Amino acid sequence: MKCRVCRGPAIIDVRRHNAAFCGDHFVVHCREQVQRAIHSHRMIEPEDRVLVAVSGGKDSLALWDLFSELGIAADGLFLGLGIGDYSGASVGFARSYARDRGLVLHEVDLAVDVGFTIPSAAEATRRAPCSACGLSKRHLFNAFALDHEYTVVATGHNLDDEAAVLLGNVLRWDVEYLGRQQPVLPATEGFARKVKPLIRLGERETAAYCVIRGIDYQVEECPMAGGNRHLGYKEILNEVEARSPGTKAAFLFGFLDRGHERFSERVEVERDDLHACTVCGAPTPGDVCAFCRLRERAASEPIDVARPRG
Ligand code: SF4
Ligand code: ZN
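Undergrad: Pulling in residues and values, what's your account of the overall build of the chain?
TA: When helices and strands are counted, the chain shows 13 helices and 10 strands. Taking 2.2 N^0.38 as the reference for a compact globule, 310 residues should give roughly 19 Å; the C-alpha atoms of the chain span a radius of gyration of 19 Å, in line with that estimate. For the chain, the spread of C-alpha atoms along the three principal axes comes to 60 × 45 × 45 Å. Burial status across the chain gives 48% buried among its 310 residues. In the structure as shown, the chain presents an accessible area of about 15700 Å², 50% of it carried by carbon and sulfur atoms.

Written out as structure tokens, the structure is:
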């Protein structure tokens, strides 16, 4: 196996591009893919202030690193989810990455700053932890960005994540989620712009990128991920991809190019119908936003160590 660029020994193949790369040229390949995503979807403008949602995992640290490589200044925000040792180790990876490179890492701790943890919220609501977690992340990253005058929130969602989410949305024909599934969600009243610059890289590539660049990251799976439908969809797509390389990218980019606009109208109607949450001021279709309702319910539950649910 030879590098497509220099013909030296390759260390990784990317079957959907029918290519293999040596370490240096693989890093260049990743940079080009991210740059292409940023440019073609107009994700970031020179005057933007960028906040990266940093989890301590491979995707968000690769993203932060690729921003530095591309000369895009970005600060990080780590959200402490209160998931026992997993959260404790994750913040360690995020802190050391930032410290070693002289980058700014902000931290918000759910237990300390908000008064609940993901396990306690899941217990209080009797719902899957990932639903409380997703809601908390969306709300708190956005609120932090607005409060601290960041114009863009960048997340490490990669090609595998986005293809799996798309498969889930299609299987249920969830037209609202399909309308919102875009690599860029423009800023609107009460919302910073949301961007996903890694959509052209698979998770095998972000992991390889971190190894080549010497980035230590959290390799453990979140203990609350059990039963997460998203992981099942990823496995199914991996099987299809193994038989027919390129299917995942064709599925996602075909949707973005030719399918998405059929669902986008509904999102605009939804956005027109929002007003300020009476508790926190975030845009919501009701009186009190979903995050404040979660917070209210979770406040009754004692906070303790993570109890993984199946
Ligand atoms: Fe949050 Fe679920 Fe991801 Fe764990 S697996 S970090 S609970 S979304
Ligand atoms: Zn609210």
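Undergrad: Explain the site of ligand 1 to me, and be specific about the residues and the numbers.
TA: Around ligand 1 sit L81, C130, C133, K137, C222, M224 and A225, and those are all the residues in its vicinity. When grouped by side-chain class, the residues that make up the shell around ligand 1 number 6 nonpolar, no polar and 1 charged.

Undergrad: Residues and numbers for the coordination of the zinc ion (ligand 2), please.
TA: For the zinc ion (ligand 2), every protein donor is listed as C277 (SG), C280 (SG), C289 (SG) and C292 (SG), and the spread of their distances is 2.2 to 2.3 Å. Between consecutive donors of the zinc ion (ligand 2), the numbers of intervening residues give the motif C-x2-C-x8-C-x2-C. With relative accessibility at 36%, the residue C280 sits in the partly exposed group.

Undergrad: Kindly report on the pattern of salt bridges, identifying the contributing residues and their values.
TA: Between side chains of opposite charge, a pair can form as their charged atoms come close. A full pass over the atoms with the stated rule returns 16 salt bridges. The partner of R31 in a salt bridge is E69, and the shortest N-O contact between them spans 3.0 Å. Of the two residues, R31 is situated in helix α1 (residues 23-40) and E69 in helix α2 (residues 58-69); the sequence distance between them amounts to 38 residues. Here E69 falls in the partly exposed class, since its relative accessible area comes to 29%. Between K58 and D59 there is a salt bridge whose closest N-O contact spans 3.3 Å. One exposure class covers both K58 and D59, and it is buried. Through salt bridges with shared partners, a single ionic network connects R31, D65, E69, R101 and R213.

Undergrad: Break down the sheet that holds strand β3 (residues 50-54) for me, with residues and values.
TA: With mixed pairing, the 6 strands of this open sheet are ordered in space as β5-β4-β3-β6-β8-β7. The sheet is open, and its two borders are formed by β5 (105-109) and β7 (184-185), each paired with just one other strand. Against the sheet, helix α6 (residues 129-147) touches β3, β4 (74-80), β5, β6 (152-154) and β8 (193-195), its axis set at about 140 degrees to β4.

Undergrad: Give me the lowdown on the packing of helix α5 (residues 118-125) against α6, citing residues and values where you can.
TA: Close contact between α5 and α6 brings their axes to 8 Å; oriented N to C, the two are set at 120 degrees. Judged by the angle between their axes, α5 and α6 are oblique. The two elements α5 and α6 cross, and the hand of that crossing is right-handed. Residues I118, A121 and A122 of α5 touch α6, and the partners they reach there are P129, A132, C133 and S136. Partitioned by chemical class, the residues of the contact of α5 with α6 number 6 nonpolar, 1 polar and no charged.

Undergrad: I'd like to hear about the packing of aromatic side chains, residue by residue, with values.
TA: The tally for this structure, following the rule as stated, stands at 4 aromatic pairs. Here W64 and Y97 contribute two aromatic rings whose centre-to-centre distance is 5.5 Å and whose plane-to-plane angle is 40 degrees, an arrangement assigned as tilted. Of this pair, W64 sits in helix α2 while Y97 sits in helix α3 (residues 84-101), and the two are 33 residues apart along the sequence. The interplanar angle of 50 degrees and the centroid separation of 6.0 Å between the aromatic rings of F116 and F291 together place this pair among those described as tilted. Taken as a pair, F116 in the loop between α4 (110-114) and α5 and F291 in helix α13 (residues 290-298) lie far apart in primary sequence, 175 residues in all. Here the basic side chain of R49 rests over the ring of Y150, its NZ or CZ set 4.2 Å away from the ring centre. Sitting above the plane of the F253 ring, R200 keeps its charged end 5.1 Å from the centroid.

Undergrad: So, the environment of L159: which residues are in play, and what are the values?
TA: In this structure, L159 sits in helix α7 (residues 159-171). For L159 and K196, which are 37 residues apart along the polypeptide, the C-alpha to C-alpha distance reads 9.6 Å. In contact with L159, not counting residues within four places along its chain, are R16, L198, I199, L201, G202, K248, A249, L252 and F253.

Undergrad: Pulling in residues and values, what's your account of α3?
TA: The end-to-end C-alpha distance of α3 is 27 Å, a good match for the 26 Å that 18 residues give at a rise of 1.5 Å each. In this fold, the buried residues of α3 make contact with β3, α2, β4 and β5. Trailing α3 by a residue or two, G102 shows a phi angle of about 65 degrees, which is positive.

So, how was this worked out
- Residues numbered from 1 in each chain as written.
- Chains lettered and ligands numbered in written order.
- Predicted model: local features only at pLDDT ≥ 70, side-chain atom pairs only at ≥ 80, totals over all residues.
- Heavy atoms only, no water.
- Helix = DSSP H or I, 4+ residues; strand = E, 2+ residues; numbered from the N terminus.
- Rg over C-alpha atoms; globule rule 2.2 N^0.38 Å.
- Buried < 20%, exposed > 50% of the residue type's maximum accessible area, 1.4 Å probe, protein only.
- Areas by Shrake-Rupley, 256 points an atom, 1.4 Å probe, with all protein chains shown as cover.
- Near = heavy atom within 4 Å.
- Nonpolar A, V, L, I, M, F, W, Y, C, P; charged D, E, K, R; others polar.
- Donors = N, O, S within 2.8 Å, 3.2 Å for Na, K, Ca; no water.
- Salt bridge = Lys/Arg side-chain N within 4 Å of Asp/Glu carboxyl O.
- Pairing = 2+ DSSP bridges.
- Contact = heavy atoms within 4.5 Å.
- Axes fitted to C-alpha atoms, helices over the stretch in contact; angles between N-to-C directions.
- Parallel < 35°, antiparallel > 145°, perpendicular 65-115°, else oblique.
- Left-handed = near helix turned anticlockwise from the far one by under 90°.
- Phe/Tyr/Trp six-rings, centres within 6.5 Å; stacked < 30°, edge-to-face > 60°.
- Lys NZ or Arg CZ within 6 Å of the ring centre and 35° of its normal.
- Expected span 1.5 Å × (residues − 1).

Any functional reading would require information that these geometric values do not contain.
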